[in-house]
Amino acid sequence: MTKVLSIILGGGKGTRLFPLTKERSKPAVPFGGKHRIVDIPISNCINSGFNRIYVLTQFNSASLHLHIARAYNFDSFSGGFVEILAAEQSFSHSGWYEGTADAVRKNFMHFKTQKPTHYIILSGDQLYRMNLAAFLKQHQESGAQISIACTPVTRNDASGFGILKANEENQITDFMEKPAPDKDISDWIIPDSARTPAAANGRDYLASMGIYIFDSDVMEESLNNDYTDFGKEVIPAMLGKYKVSAYTYDGYWEDIGTIRSFYEANLNLTATQPSFNFYDEEAPIYTHSRHLPASKFNQANLDHVITSEGCVITDATIKRSVIGIRSIIEANAFLDGVVCMGADVYETAAEKERNRLNGIPDIGIGEHSRIQGAIIDKNARIGKGVSIGMGNIPKDGDYGFYHVVDGIYVVTKNACVPDGTVI
């Protein structure tokens, strides 16, 4: 009987997504208005029939724990679970996870109790839909002991990935980490027999997606060493020792591990035909059910906008933006290209009165504020007449209550932006 254990790698400090990861782990970063990044790989697993899921993390994991506890509860008959395994000390090891492979190795004591036949390793910061059951089927039918999910990329993009060489039988024979742009890799072009519809328009090279299937005994043997990283150490060392096959994925796939990619992936959701489709009833993306009221619009003007539950938007103009849960946007505000993560709570009338007495704005976006090209993190207080991103963008850096990263303004969680501020 096939028994799959899914392991989602939550990443380390998430420095490339800072300051969004200042107070939360990378998988817990809000995405698409109402979801968290971790909801993507978890939903892929559940929709594929793999409901035994561990999420490995070690930094700022409190909000991730809370989200998973609220969102993923299986009945006692299914045998399913989603559990977080944060780095822990034991008599056999006392340090942090030192890499992706090290994180898995240090948790074998937990994994082995499930008696899996296969392990599937997933990344916690990617946006895609994959039928993981089809991936497993090819793995088993090919007789592979390790399979790697790959996506076709161009020569220019190949320099940012681990590139795989495959033969006519889809067996991987070599691996190259981020080949330099001037390096000749023409003999690494995908064989004609292994091409899929996605391998067109110059997408001639197979890039590893960082998604793997291991036979359980092979996984344990592969980590019986001091290797710390799957992509850089484990996979190259296993080539030639085991049968390693490529599974070519034809769909949309985006690494959302940087502020720029995170911002653009969010805004792409507002397109008429977005690259990633949340509106698939056959394969929903699950998340925490909050039981919030419907959003309310009072003479608002919206164009290519996603709004989540519980928002109140009054006489505002919003273009190509993602508006998160409980967002309060006041009269004559203007937003263009904004990812607004919303709020954790509604403020009461008494709390708003105290805000006025203390000279601070309410949670939300105040009257006559104009914001462009920005990410507004949770619970931010944007005052009246604030201007963000309407002029020259300063160089990347930390500016107190906001950062500029990759040319994008990031207003930090719980930030307070006084009335009339111009940045």
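The preceding data block contains the structure.
As a starting point, this report considers the structure included with it. As the structure is a prediction and not an experimental result, all values here were calculated from the model. Positions within a chain are numbered from 1, following the residues in the order the chain's sequence is written. A pLDDT threshold of at least 70 governs which residues receive local features in this predicted model, and a stricter bar of 80 or more applies before side-chain atom pairs are shown or counted, although totals over entire chains, interfaces and linings include all residues. Each side-chain value is derived from all of the structure's non-hydrogen atoms; neither hydrogens nor water enter the calculation.

### Examining the overall build of the protein
Secondary structure elements are taken from DSSP: a helix is a run of H or I of four residues or more, a strand is a run of E of two residues or more, and numbering for both begins at the N terminus. Along its length, the protein carries 10 helices and 27 strands. Using C-alpha atoms as the atom set, the radius of gyration is obtained and then compared with a globule rule of 2.2 Å times the number of residues to the power 0.38. Whereas a compact globule of 423 residues would reach a radius of gyration of roughly 22 Å, the protein reaches 23 Å, a difference of no more than 12%. Principal-axis analysis of the C-alpha atoms gives the protein an extent of 70 × 50 × 40 Å. In the protein, which comprises 423 residues, the share counted as buried stands at 52%. Buried, partly exposed and exposed residues are distinguished by accessible area as a fraction of the type maximum, computed with a 1.4 Å probe on protein chains only: under 20%, between the cut-offs, and over 50%, respectively.

### A word on unusual backbone geometry
A cis amide bond links phenylalanine 18 with the next residue in sequence, proline 19, at an omega value of 10°. Note on placement: proline 19 falls in the loop between β1 (4-9) and β2 (30-31). Even without a glycine there, the phi angle at arginine 326 is positive, about 60°. Note that arginine 326 resides in the loop between β17 (317-323) and β18 (328-329). The phi torsion at histidine 368 lies on the positive side, around 60°, for a residue other than glycine. Position of histidine 368 relative to the elements: it lies in the loop between β20 (364-365) and β21 (370-376).

### As for helix α9 (residues 259-268)
By the criterion of burial, α9 is predominantly enclosed, with seven of the 10 residues buried. Burial in α9 covers these residues: Ile259, Ser261, Phe262, Tyr263, Ala265, Asn266 and Leu267.

### Things to note about empty space enclosed by the protein
Definitions used for this entry: grid spacing 1 Å over protein atoms alone; cavity, a set of points where a 1.4 Å probe fits but cannot get out; pocket, an open set with protein on both sides within 12 Å along at least 5 of 7 lines; lining residue, one with an atom within 4 Å of a point. Grid points are joined across faces, edges and corners, and a volume is the space filled by probe spheres set on the points. All told, the structure shown has three cavities of 30 Å³ or more when counted by the stated rule. One number sums up the size of the largest cavity: a volume of about 70 Å³. For the lining of the largest cavity, the residue count by class is eight nonpolar, four polar and two charged. Under the grouping applied here, Gly and all other residues not named as nonpolar or charged are polar, the nonpolar ones being Ala, Val, Leu, Ile, Met, Phe, Trp, Tyr, Cys and Pro and the charged ones Asp, Glu, Lys and Arg.

### Remarks on the pattern of salt bridges
By salt bridge we mean one thing: a side-chain nitrogen of Lys or Arg within 4 Å of a carboxyl oxygen of Asp or Glu. This structure, assessed with the given rule, holds 10 salt bridges. A salt bridge links aspartate 377 to arginine 24; the shortest N-O distance between them is 3.0 Å. Here aspartate 377 is found in the loop between β21 and β22 (381-382), whereas its partner arginine 24 is found in the loop between β1 and β2, with 353 residues between them in sequence. Arginine 24 matches aspartate 377 in its accessibility class, with the two residues each being buried. With its nearest N and O atoms 3.5 Å apart, the salt bridge here joins lysine 165 to aspartate 187. Here lysine 165 is found in strand β9 (residues 162-166), whereas its partner aspartate 187 is found in the loop between β10 (172-177) and β11 (205-215), with 22 residues between them in sequence. Here the salt bridges do not stand alone but share partners, grouping Asp102, Arg105 and Lys106 into one network.

### Remarks on the packing of aromatic side chains
In this analysis, rings of Phe, Tyr and Trp, with Trp reduced to its six-membered ring, are considered paired at centre separations within 6.5 Å, and the interplanar angle assigns stacked below 30 degrees, edge-to-face beyond 60, and tilted for intermediate values. With the rule as written, the count across this model stands at 17 aromatic pairs. Relative to phenylalanine 111, the ring of tyrosine 54 lies with its centre 5.4 Å away and its plane at 50°, an arrangement referred to as tilted. Within this pair, whereas tyrosine 54 is found in strand β4 (residues 52-57), its partner phenylalanine 111 is found in helix α4 (residues 108-111), the two being separated by 57 residues in sequence. Each member of the pair, tyrosine 54 as well as phenylalanine 111, carries the same accessibility label: buried. A ring pair is formed by phenylalanine 108 and tyrosine 119, whose centres lie 6.1 Å apart and whose planes are at 65°; its orientation type is edge-to-face. Here phenylalanine 108 is found in helix α4, whereas its partner tyrosine 119 is found in strand β6 (residues 118-123), with 11 residues between them in sequence. Accessibility expressed as a relative area gives 9% for phenylalanine 108, which makes it buried. Note on tyrosine 119: relative accessible area 0%, which makes it buried.

Purely spatial values, then, with no claim about function.
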